[in-house]
Amino acid sequence: MMVTGRYNKQDDHHLYEIQEQNELGARIHFVKFEMTYFEKCLDFIKENLVSSHGEMMGKVVKATGGGSHKYTNLIRDKLGLECDKEDEMQCLIQGCIFVLRNITNEAFEYQRHSPQPYKFQTMDADLFPFLLVNIGSGVSIVKVESHDKYERIGGSSIGGGSFLGLGCKLTKAKNFDELLQLASQGDHRNVDMLVRDIYGGAYSALGLPGELIASSFGKMVSAKDGEGQEFEEQDIAKSLLHTISNDIGQISCLYAQLHGLRKIYFGGFFIRGHPVTMHTITYAINFWSRGTLQALFLRHEGYLGAIGAFLKGAEEDDSEKYCWGENYAGSSGLHSTSPPPDFIPRDRTASFDRFELDRLERPLVSLPALLDPPSYFPDTVDLTEDPDARKYWLDCFEEALGKVAARAVASQPSRDDAEMRAQQFMAKYNKRLETLREHPFAYGSLTVRSLLDTREQCLNEFHFADPYQHIKQQENEAALRILPERLQHLDSLEFRARQVALAEGLLAGNVFDWGAKAITRLMEGDDSFGFEEAMSKLQARPWLVDDLDPWLERLQDHPHKCALIFADNSGLDIILGVFPFAREMVLRGTQVILCANSKPALNDVTYGELKILAKKVAELCPTIRTALSEGHLKVMASGAASPCLDLSRIDEMLSQECQRRGVDLVVLEGMGRAIHTNYHAAFSCESLKLAVLKNKWLANRLGGDVFSVIFKYTKGSKVEGKTPSKNDIGTQQPRKSPETDR
């Protein structure tokens, strides 16, 4: 379900109506399982997804890989479907490009002996060229130069099939999982001959360390039937894994060097996120390239072929105009640990790995004002690298779970099943928190943003699209009633005092955040807590980060060309804090793009709500009314659905508007957008980052206390000394306010 706001002219009690509608967004479900269960999968599809056998007769399903040939008749007999077989290598490549372009933290380096072994990569705008090494039964090595230009430049017959075949002969293992389990417990040094076994230490003259493998299985040469050393199965399995992985790593390195490629992506059934496999391949790449090449692995490498086949079927739907995002609530995540000692192979009742993708209606791109998009990392703290912060935030989200569920139930008083769905939400999210405690890397870099996003997705999973809808409605209406008085007060102030009051108003409005525990307690316990009370809570100057004076000095200079403001909370924040600030910008001759979340998150204002609020504010304020009608103030959707903000994934239309208008000031307000994310973001233009610290633990970490103020003004690298040209697109001259003589 989704909640939308609609302007309500007749109802004297509410500014807009809240309506529930069925969500029409597309979602793809990928399921990964062993081929042992393939026939059971078809039975499940027939029983649950096909209402009658005849309805599917003659329809076509895209398929790739060896199974598309082997199981064609079975699919036809069971489901009445014909298989349209797609080229396996082409599907793998298209699937690889797709996940690298759409999925956050998809690629990673693996550094086994590092405190944080998983080093996730940001999305690379310069994706091509790269080497794709697919390790299935054998090995295929493909040079990928563009979306439709690629070439298989080599391969090897020694791959996953070699590992499994030899492993089953040399040990008692019966399948791939059992063989990996043995290998994870083994020590290859008991089987392999090392450099030190030959020379008594390192061979310094050739730069060979003593621990380097000189001969795989070399120590088994001296063993005779019934005599000598006994070799353990787990050591043999470990040596075999090293043998195969080292060989693949060296061959891949040589091909990459031959073709001048620096990035090597590894995928295929052989990898399976297994630490020893990834470590051995990484070691081989580093050793043979002397650290000049990058071995990269994929969180969803097991889905590439299926994704590519899907994309082939979706070509007629013009899939390039869409963007996709991972649904954390329904995806299994990366559980890259060795199988436990008591490992038991999956039976037919076991769950399978899943990967879910949600389609976004427009592409997401980087904000043009980012100084260096390739190096941009939105999150201030990576919780996978900070154990203390990780424990605190996981505990914090777990403690808040009950109140979040209660708020969700309260938002749907007419739904009899709300309590049941809230319990299901709690169980699912709590399970996800347990997973993240054990595997903090499961969904990429663990951050406050990812925890918030996962919670929002879990709420949506159980049809709680906007738990704060009624609270936002009430707060918006209350704030509108006192907006005229607020504007009148601001207009009575001289220039400097007015700018200070506007800055403090942005900060006071930011206090009203239902996502902060301290504020929730305050507002739930005191119905009279309002704007003036919030103003009095602010830290006295000097603030924790206090760039107010440089900002005031900047305002004495020429007006900005266009200000991009990312709004935060509904109610007092947007109406008494942001709109007066935007109004002042307009009066200075600055165009303003005011943007909000595309979808609900906590009590943040949404684009749908902001459009309605802008119309209502325009009825109360002639300046806003004129600015909207003349296009000097434009309301837009950010493309986000989170309390935080990833500026590498904003709505393409917003990006285009920023370029067209020449944005030279970016304003980020709120803890989510300016502290948890983007605190260290660098822009090519001026920026303001404003927030009130409402979390005591975080405030203490930053050297402050609850209600400490962050007011961070940065000039940017391109704007210093530059005066806007009158010929620039959309430049407007400063004009007087219709309401006042100033």
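Residues numbered from 1 in each chain as written. Predicted model: local features only at pLDDT ≥ 70, side-chain atom pairs only at ≥ 80, totals over all residues. Heavy atoms only, no water.

An unreviewed UniProt entry lists the chain under the name 4'-phosphopantetheine phosphatase, with Branchiostoma floridae as the source organism. UniProt lists a comment for the chain under the heading Subunit (unreviewed entry), and it reads "Homodimer. Interacts with PKM." Taken from UniProt, the Catalytic activity (unreviewed entry) comment for the chain reads in full: "(R)-4'-phospho-S-sulfopantetheine + H2O = (R)-S-sulfopantetheine + phosphate". (UniProt positions renumbered as here; feature names shortened; annotations may be inferred.)

Undergrad: Explain helix α19 (residues 548-555) to me, using residue names and the numbers behind them.
TA: All buried positions along α19 are accounted for by Leu548, Trp551, Leu552, Arg554 and Leu555. Take α19 and look down its axis: the buried residues cluster within an arc of 155°, on one side only. In this structure, the buried residues of α19 make contact with α16 (495-510), β18 (545-546), α20 (572-587), β23 (665-669), β24 (686-693) and β25 (708-714). (Buried < 20%, exposed > 50% of the residue type's maximum accessible area, 1.4 Å probe, protein only. Helix = DSSP H or I, 4+ residues; strand = E, 2+ residues; numbered from the N terminus. Arc of directions from axis to C-beta. Contact = heavy atoms within 4.5 Å.)

Undergrad: Lay out the sheet that holds strand β8 (residues 130-135) with the relevant residues and their values.
TA: Strands sit in the order β7-β6-β14-β13-β8-β9-β10 across an open sheet of seven strands; the sheet is mixed. At either margin of the open sheet sits one strand with a lone partner, and together these are β7 (118-120) and β10 (149-156). If you compare each strand with its neighbour and ignore which way they point, the axes differ by 30° on average. (Pairing = 2+ DSSP bridges. Axes fitted to C-alpha atoms, helices over the stretch in contact; angles between N-to-C directions.)

Undergrad: Pulling in residues and values, what's your account of the sheet that holds strand β15 (residues 323-326)?
TA: What the three strands build is an open sheet, ordered β3-β16-β15; its pairing is antiparallel. At either end of the open sheet lies a strand with only one pairing partner, and these are β3 (27-32) and β15. Neighbour to neighbour, the strand axes of the sheet diverge by 25° on average, direction disregarded. With four bridges connecting them, β15 and strand β16 (residues 353-360) associate as antiparallel partners. By the bridge assignment, glutamate 326 is partnered in β16 with leucine 357. Along the sheet face, helix α11 (residues 304-314) touches β3, β15 and β16 and points at about 145° away from the line of β3.

Undergrad: Describe empty space enclosed by the protein, and please don't skip the residues or the numbers.
TA: In total, this model carries four cavities of 30 Å³ or more according to the counting rule given. Computed from the structure, the largest cavity encloses a volume of approximately 80 Å³. Mapped onto the lining of the largest cavity, the elements with two or more residues apiece are α13 (418-438) and α14 (448-461). Split by residue class, the lining of the largest cavity holds five nonpolar, four polar and one charged. Approximately 50 Å³ is the volume attributed to the second largest cavity. Taken together, Val404, Arg455, Glu456, Leu459, Asp466, Pro467, Tyr468, Pro600, Ala601 and Leu602 make up the full set of residues lining the second largest cavity. (1 Å grid on protein atoms, 1.4 Å probe; cavity = no way out; pocket = protein on both sides within 12 Å on 5 of 7 lines; lining within 4 Å. Points joined across faces, edges and corners; volume = space filled by probe spheres on them. Nonpolar A, V, L, I, M, F, W, Y, C, P; charged D, E, K, R; others polar.)

Undergrad: An account of unusual backbone geometry is requested, with residue identities and associated values reported.
TA: Residue proline 129 is bonded to the preceding phenylalanine 128 through a cis peptide linkage, with omega at -5°. Assignment of secondary structure puts proline 129 in the loop between β7 and β8. With phi around 55°, asparagine 105 is a residue other than glycine that occupies positive phi space. Residue position: asparagine 105 is located in the loop between α5 (88-102) and β6 (107-110). Positive phi, normally seen in glycine, also occurs at leucine 602, with a value near 50°. Along the polypeptide, leucine 602 turns up in the loop between β20 (591-596) and α21 (607-620).

Undergrad: Summarise the environment of asparagine 678; cite the residues concerned and give the values.
TA: Along the polypeptide, asparagine 678 turns up in the loop between α24 (671-676) and β24. Sequence separation between asparagine 678 and leucine 668 is 10 residues, and the spatial gap between their C-alpha atoms is 8.4 Å. Sequence-distant contacts of asparagine 678, defined by excluding residues within four places in its chain, comprise Tyr376, Pro378, Thr380, Leu645, Leu647, Leu668, Arg673 and Lys689. There is a polar contact of 2.5 Å between the side chain of asparagine 678 and the side chain of tyrosine 376. Here the side chain of asparagine 678 touches leucine 645 through a polar contact of 3.0 Å, landing on its backbone oxygen. (Polar contact = N/O pair within 3.5 Å; in protein donor to acceptor, adjacent residues only side chain to side chain.)

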